[in-house]
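Structural overview
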Amino acid sequence: MCSGSSHHSSGQFCHSLKKSSVTPLLKKSSLDKENLSNYRPISNSSFISKILERVIMSRLTEHLTDNQLLNSSQSAYRKLHSMETVLLSLHDHLINAIGSQQASCLCLLDLSAAFDTIDHTILLDRLSLWFGIHGTALNWFKSYLSHRTFSVRCSGLCSCPQQSLYGVPQGSVVGPLLFTLYTTPLSSLISFTH
């Protein structure tokens, strides 16, 4: 077990909280059980880890909001900017374009296993250079991402732990926001050309 305050003040994330158990779950009961691509990995991490992540998420969101660091087109992790507001805005743009007899083009991007491909060095650089996260806070994120392990549980058996060298933890509280921050250069480029 970790001693709480010393790890927080030094920017360290407790090593024992970096372990997760992954269970493969069939996406639909009608799918072929022999085809591995028909399974979704469900990751279970520590309850304490999720509580700590909620605190970090709250502080990170506050920092991003107070300093207006999120892209104005960003529709998650901002008050009054949900997926519903994006859909309403998109619908409004399309209706206005039709009313003005303008052509519309909608490009949707589905990033397969996107969370698993995040390079930790690039993410940490983005946190520092784009979002002004330095010192103890940056050390915490570095510690949080490094030396994570997972084991796969299936049919009562458990694999040997494997290290996660890339990505943010699946099922984590802060993972989706970290992915958003990681892809900020892309969203900024799209906003610039809009």
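The model shown is predicted, which means the values in this text are computed figures rather than measured ones.

Bringing the packing of helix α4 (residues 120-129) against helix α5 (residues 135-145) into the picture now. For the pair α4 and α5, interaxial distance at closest approach is 10 Å and the crossing angle is 160 degrees. By the angle between their directions, the pair α4 and α5 is classed as roughly antiparallel. Seen from above, α4 lies across α5 with right-handed handedness. Counting all contacts with α4, which are made through His-120, Leu-123, Leu-124, Leu-127 and Ser-128, the residues of α5 involved are Leu-138, Phe-141, Lys-142 and Leu-145.

Mapped onto the elements, Ser-20 comes out in strand β1 (residues 19-26). For Ser-20, a relative accessible area of 19% translates into the label buried. Leaving out residues up to four positions away in the same chain, Ser-20 has contacts with Ser-43, Asn-44, Ser-45, Thr-149, Phe-150 and Ser-151.

Both the distance between ring centres and the angle between the ring planes are used here to describe each pair of aromatic rings. Within this structure, the stated rule accounts for 5 aromatic pairs. Judged by centre distance (5.2 Å) and plane angle (90 degrees), the ring pair of Trp-140 and Phe-141 falls under edge-to-face. Among the residues examined, Phe-141 registers a relative accessible area of 4% and is labelled buried. Members of the aromatic cluster, each reached through a chain of ring pairs, are Phe-13, Trp-140, Phe-141 and Tyr-144. The ring of Tyr-182 has Arg-126 sitting right over it, with the charged end atom 5.4 Å from the ring centre. Over the ring of Tyr-144 we find Arg-148; its NZ or CZ atom is 4.7 Å from the centre of that ring.

The rules we used
Residues numbered from 1 in each chain as written. Predicted model: local features only at pLDDT ≥ 70, side-chain atom pairs only at ≥ 80, totals over all residues. Heavy atoms only, no water. Axes fitted to C-alpha atoms, helices over the stretch in contact; angles between N-to-C directions. Helix = DSSP H or I, 4+ residues; strand = E, 2+ residues; numbered from the N terminus. Parallel < 35°, antiparallel > 145°, perpendicular 65-115°, else oblique. Left-handed = near helix turned anticlockwise from the far one by under 90°. Contact = heavy atoms within 4.5 Å. Buried < 20%, exposed > 50% of the residue type's maximum accessible area, 1.4 Å probe, protein only. Phe/Tyr/Trp six-rings, centres within 6.5 Å; stacked < 30°, edge-to-face > 60°. Lys NZ or Arg CZ within 6 Å of the ring centre and 35° of its normal.

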